[in-house]
Amino acid sequence: MRSLFFKFYIATVFFACFFCAYAQDTVELTFQTFYKQVVNNHPVAKQANLLNDFAKAELLIARGAFDPSINGSYDKKSTDGKNSYTYFEPQIKVPTLIGVDIK
């Protein structure tokens, strides 16, 4: 009885090891898939992709400095209940590339 159990055990281990040896896929990792996985998952690669977004944001801020602006100021002074002066100054500023603002 004991030798039958031992033979069954040896046969089971043999077949289990035989099937485990061939259990892996035959899919190969090509350089393109490896590179794609590194670019998508590596933290330094993700940080490098963020640098493009920061550069685009800084470019947008720099271009915003050349947007025209509409300003206005209003001053009023009264002394002893009398109006001394009322001053209103509307402005439209258009920045130029040479640094001179046209008002």
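As shown above, the structure is provided for reference.
Just so you know, these numbers come straight off a predicted model, no measurement behind them.

Analysis parameters
Once a new chain begins, its residue numbering starts again from 1 and follows that chain's sequence as written. Per-residue local features are limited, in this predicted model, to residues with pLDDT of at least 70; the limit for side-chain atom pairs, both in listing and counting, is 80 or more; totals at the level of whole chains, interfaces and linings are taken over all residues. Where side-chain values are given, they derive from all heavy atoms of the structure, hydrogens and water being excluded. Strands here mean DSSP runs of E at least two residues long; helices mean DSSP runs of H or I at least four residues long; both are numbered from the N terminus. To sort residues, take the accessible area from a 1.4 Å probe on protein chains only and compare it with the maximum for the residue type: under 20% means buried, over 50% means exposed, and anything in between is partly exposed. Contact criterion: two residues are considered in contact whenever any of their non-hydrogen atoms come within 4.5 Å of each other. Method for areas: the Shrake-Rupley scheme with a 1.4 Å probe, in which residue coverage is limited to the protein chains shown. Patch building starts from residues that exceed 30% relative accessible area and form no salt bridge, then joins like charges within 9 Å and nonpolar side chains (Val, Leu, Ile, Met, Phe, Trp, Tyr) within 5 Å. Any Lys or Arg side-chain nitrogen found within 4 Å of a carboxyl oxygen on Asp or Glu counts as a salt bridge. Strands qualify as paired when DSSP identifies two bridges or more between them. Between 30 and 60 degrees the pair is tilted, below 30 it is stacked and above 60 it is edge-to-face, where a pair is any two Phe, Tyr or Trp rings, Trp via its six-membered ring, whose centres lie within 6.5 Å. Throughout this description, a polar contact denotes any pair of N or O atoms lying within 3.5 Å of each other; where both atoms belong to protein, one of them has to be capable of donating a hydrogen while the other can accept it, and for residues adjacent in sequence the pair is counted only when both atoms sit in side chains.

*Asks:* Tell me about the overall build of the chain, and please be specific about residues and values.
*Replies:* The number of helices and strands found in the chain is 3 helices and 3 strands. Secondary structure elements of the chain, listed N to C terminal, follow the sequence α-α-α-β-β-β. Taken across its 103 residues, the chain has 3% of its residues classed as buried. Counting only contacts in the chain whose residues sit at least 6 apart along the sequence, the fraction spanning at least 24 positions is 18%. Carbon together with sulfur atoms contributes 64% to the accessible area of the chain, which is approximately 10100 Å² in total.

*Asks:* Lay out a nonpolar patch on the surface with the relevant residues and their values.
*Replies:* Taken together, the side chains of L29, F31, F34, Y35 and V38 define a hydrophobic patch exposed on the protein surface, amounting to about 540 Å² of accessible area. Position of V38 relative to the elements: it lies in helix 2 (residues 31-41). Judged by relative accessible area, which is 32%, V38 ranks as partly exposed.

*Asks:* An account of the pairing of strand 2 (residues 82-95) is requested, with residue identities and associated values reported.
*Replies:* Of the pairings in the sheet, the one linking strand 1 (residues 69-79) to strand 2 comprises 11 bridges and is antiparallel in character. For D75, the partnering residue across the bridge sits in strand 2 and is Y87. Adjacent in sequence and paired antiparallel, strand 1 and strand 2 are bridged by 2 residues, among which D80 carries a positive phi angle near 55°. Here 2 bridges tie strand 2 to strand 3 (residues 101-102), and the two strands are oriented antiparallel to one another. Looking across to strand 3, one finds that P95 is bridged to D101.

*Asks:* Describe the sheet that holds strand 1, with residues and values.
*Replies:* Across the sheet, 3 strands lie side by side as 1-2-3; this open sheet has antiparallel pairing. The two strands at the open ends of the sheet, each matched to only one other strand, are strand 1 and strand 3.

*Asks:* Summarise the packing of aromatic side chains; cite the residues concerned and give the values.
*Replies:* Summed over the entire model, instances satisfying the criterion amount to 2 aromatic pairs. Residues F31 and Y35 carry aromatic rings whose centres are separated by 6.2 Å and whose planes lie at 25° to one another, so their mutual orientation is stacked. Separated by 4 residues within a single helix, F31 and Y35 lie in helix 2, roughly one turn from each other.

*Asks:* Break down the environment of Q91 for me, citing the residues and quoting the values.
*Replies:* Relative to the helices and strands, Q91 is located in strand 2. By relative accessible area, Q91 is classed as buried at 16%. Distance in space between the C-alpha atoms of Q91 and K103 is 6.2 Å, their sequence separation being 12 residues. If near-sequence neighbours (up to four positions away) are discounted, Q91 is found in contact with S69, I70, N71 and K103. Within the structure, Q91 has its side chain in polar contact with the side chain of E89 (distance 3.0 Å).

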